[in-house]
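Topology and contacts: notes
In case you want the letters, here they are:
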Amino acid sequence: MNTSTSSTLTSVVPPSPVATVEQQRILDRIAMQRERLRTRRAARAQAMGSNGTATEDTEESLALRAAGFAREHPLAVAAMAGVAVVAGPRRLIRWAGVLLPMLLRLRR
């Protein structure tokens, strides 16, 4: 192989792809979402670390988590509310009596 040919082959660098404006907007949104997730993960890790030293009200943390879930998944909450309306209060109380102990065991 000729040395001049090999040097030109190794020096050829493919051009880096340039994102369009729309693609750049999407990449920026992805970067912002990743940063939010990192921040949320760090805050959760910090809260879990301080959870052992400070006693928190369990009902308050459950309410905060339920509010966070409702904020992140509004369609799921609406679907659960629709099922609850259709099922009726007597059936809901019966199922809560079955499911709540199982959920509490899973938390441990």
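1. Digging into the overall build of the chain
- The helix and strand tally for the chain stands at 5 helices and 0 strands.
- Starting at the N terminus and ending at the C terminus, the chain contains elements arranged as α-α-α-α-α.
- Burial statistics for the chain: of 108 residues in total, 3% are counted as buried.
- On the chain, roughly 10,200 Å² of surface is accessible, and the fraction owed to carbon and sulfur atoms is 64%.

2. Here's the deal with the layout of surface pockets
- Considering only enclosed or pocket space, the second largest pocket measures out at about 240 Å³ in volume.
- Lining of the second largest pocket is provided by Leu62, Ala66, Phe69, Met80, Leu100 and Leu103.
- Those elements that place two or more of their residues in the lining of the second largest pocket are helix H3 (58-72) and helix H5 (89-107).
- At 3 residues, the largest contribution of residues to the lining of the second largest pocket is made by H3.
- Of the residues assigned to the lining of the second largest pocket, the class counts are 6 nonpolar, no polar and no charged.

Conventions we followed
- Residues numbered from 1 in each chain as written.
- Predicted model: local features only at pLDDT ≥ 70, side-chain atom pairs only at ≥ 80, totals over all residues.
- Heavy atoms only, no water.
- Helix = DSSP H or I, 4+ residues; strand = E, 2+ residues; numbered from the N terminus.
- Buried < 20%, exposed > 50% of the residue type's maximum accessible area, 1.4 Å probe, protein only.
- Areas by Shrake-Rupley, 256 points an atom, 1.4 Å probe, with all protein chains shown as cover.
- 1 Å grid on protein atoms, 1.4 Å probe; cavity = no way out; pocket = protein on both sides within 12 Å on 5 of 7 lines; lining within 4 Å.
- Points joined across faces, edges and corners; volume = space filled by probe spheres on them.
- Nonpolar A, V, L, I, M, F, W, Y, C, P; charged D, E, K, R; others polar.

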